[in-house]
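Below, each chain spelled out in residue letters.
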Amino acid sequence: MTKTDQSFMAAALREASKAASKGEVPVGAVIVAEGKVIARGHNKRELSQDPAAHAEFLAIRSAAKKLGRWRLSATTLYVTLEPCLMCMGAIILARVPRLVFGTFDPKAGACGSLYDISEDNRLNHRVHVTSGVMAKECQDALQSFFRALRAEKREKKAL
C-alpha cells in the first residue's frame, strides 16, 4: 500500500460518506488516470431505484464519458468495498487494468471472498487487484451505517 493509494482511497471514502448522507449503503469509488481523479461515484440504488447504480458502475460510466471511450486503459479504480460480480464484469469489460479496494465483502465479493473473477484465465482481460487499503476505515463506515440503520428500525418498532 502506497501513500498514493491511501490518498485516492480517502477520496473514495468521501464518496462513500456522500452515499451514507443520502441513506445509501456507504460505498464510494474514484477512477484515476495520470495521477488525477477523473471520475467519482457512490451508491445510488435507493435514490434511483436502479439495481445497477453501484459506486463502481457509476464511476466507470462517468470515466468513459469523460475520456470519450469505453476502454479505460491506463486507469486505476479505487473502491471502498470489494466489487460484486456485476461490477467486476464491468471492470473487466471496461479494461480497467488495476483495482484497489478497501474491505472484503463476504456476502457478495468477486475478488476473493466468494469468487475471484480477476484471476479467471478464461477471460480476455485480467485486473491487477490490491486489497485492504484503508480496510479499517472502509469497514468502519459500513458498520456504523448498518448499526445506525438497525437502531432506527428498533426505534420505529418501539413506537
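For the structure given in this document, a descriptive report is provided here. Sequence order as written defines residue numbering, which begins from 1 separately in each chain. Predicted model: local features are reported for residues with pLDDT of at least 70 only, side-chain atom pairs are reported and counted for 80 or more only, and whole-chain, interface and lining totals are derived from all residues. To get the side-chain values, take all heavy atoms of the structure and skip hydrogens and water.

### With respect to a nonpolar patch on the surface
On the surface, L85, L114 and Y115 cluster together into a nonpolar patch covering about 280 Å² of accessible area. Position of L85 among the secondary structure elements: in helix α4 (residues 85–93). Residue classification places L85 among the partly exposed positions, given a relative accessible area of 41%. Exposure above 30% relative accessible area and the absence of a salt bridge qualify a residue for a patch, where like charges join within 9 Å and nonpolar side chains (Val, Leu, Ile, Met, Phe, Trp, Tyr) within 5 Å. In short, Shrake-Rupley with a 1.4 Å probe defines the accessible areas, and a residue's cover is counted only from the protein chains shown. Salt bridges, as used here, are contacts in which a Lys or Arg side-chain nitrogen is within 4 Å of a carboxyl oxygen on Asp or Glu. Strands are runs of DSSP state E lasting at least two residues, helices are runs of H or I lasting at least four, and both sets are numbered from the N terminus onward. Between buried and exposed lies partly exposed: a residue is buried under 20% and exposed over 50% of the maximum accessible area for its type, with that area taken using a 1.4 Å probe on protein chains only.

### Looking at the sheet that holds strand β2 (residues 36–42)
Overall, mixed pairing links the five strands, which are arranged β2-β1-β3-β4-β5 in an open sheet. Whereas interior strands pair on both sides, the edge strands pair on one side only; in this sheet they are β2 and β5 (128–131). Looking at each pair of strands side by side, their axes are set apart by 20° on average, direction ignored. Note that strand β4 (residues 98–103) and β5 share four bridges and pair parallel. Of the residues in β5, the one forming a bridge with R98 is H128. In what follows, a contact means two residues having at least one pair of non-hydrogen atoms within 4.5 Å. Axis lines are fitted to C-alpha atoms, over the contacting stretch for helices. Their N-to-C directions set the angle, which ranges from 0 to 180 degrees. The sheet strands contacting helix α3 (residues 55–67) are β1 (28–33), β2 and β3 (75–81), and the helix crosses β2 at an angle near 140°. Contacting β3 and β4, helix α5 (residues 135–158) crosses the sheet at an angle of about 60° to β4. Here, a strand pair is defined by DSSP locating no fewer than two bridges between the strands.

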